[in-house]
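Structural characterization, general
The lines below spell out each chain.
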Amino acid sequence: LGDFLAVNVVGDQVWGWDSYKYAKMTGYVSGAYYTNEDWLISPPMNLTYRNSPWLTFTHVGRYFGDTGTSTEKMRKAITIWISTKSDGTSINADDWTQLTIPEAGYPSGANWTFIPSTPISLAAYAGKTNVRIAFKYLSSGADGAAGTWEVKNVYVYEE
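Procedures and definitions
- Residues numbered from 1 in each chain as written.
- Predicted model: local features only at pLDDT ≥ 70, side-chain atom pairs only at ≥ 80, totals over all residues.
- Heavy atoms only, no water.
- Helix = DSSP H or I, 4+ residues; strand = E, 2+ residues; numbered from the N terminus.
- Buried < 20%, exposed > 50% of the residue type's maximum accessible area, 1.4 Å probe, protein only.
- Contact = heavy atoms within 4.5 Å.
- Salt bridge = Lys/Arg side-chain N within 4 Å of Asp/Glu carboxyl O.

Quick look at the side chain of Thr56 now. Position of Thr56 relative to the elements: it lies in strand S7 (residues 53–62). Exposure remark for Thr56: the relative accessible area of 17% places this residue in the buried category. Leaving out residues up to four positions away in the same chain, Thr56 has contacts with Ser117, Pro119, Asn153, Val154, Tyr155 and Tyr157.

The full count for this structure, using the stated rule, is 3 salt bridges. The partner of Glu72 in a salt bridge is Lys76, and the shortest N-O contact between them spans 3.4 Å. One end of the pair is Glu72 and the other is Lys76, both in helix H1 (residues 72–77) and 4 residues apart, which spans about a single turn. Measuring nitrogen to oxygen at the nearest pair gives 2.9 Å for the salt bridge that ties Arg75 to Glu103. A residue pair is termed long-range when its members are at least 10 positions apart, and Arg75 in helix H1 and Glu103 in the loop between strand S9 (97–99) and strand S10 (115–116) qualify at 28 residues. Relative accessible area serves as the criterion here: at 24%, Arg75 is assigned to the partly exposed category. According to the relative accessible area criterion, Glu103 is exposed, its value standing at 59%.

Below, the structure is given as structure tokens:
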């Protein structure tokens, strides 16, 4: 996971590094569904001298219990968060703000094709220090919404 830290809040499954070179989280193991809340947190970034920072990443998500072309369950299960208060080792919900993944930036949930996220503006965090990005994963053992999320190529850049 490099400098990213996996923080487990609920469940026994955790973020891991896949041999295909991406971070992977799933609540589905050996034919069973498990309830989880897991965060993959970036190291702190200093955006003091940035004016227009952006975030992009490549990801795929599948088997979140959605039916047909719906991705509602997946959208609740895979989210992106940002903080300037977090120490990066524990989760205090008040320290984090959810970022919006634009519509075109979500995987279809229908295949294992990685897609690039639509760029997400971090302009509200320009000029700040201790900026951390987190990939938050949720799964449910009760309703079979225990999909797999794979993330790679996380990139923060200045436009």
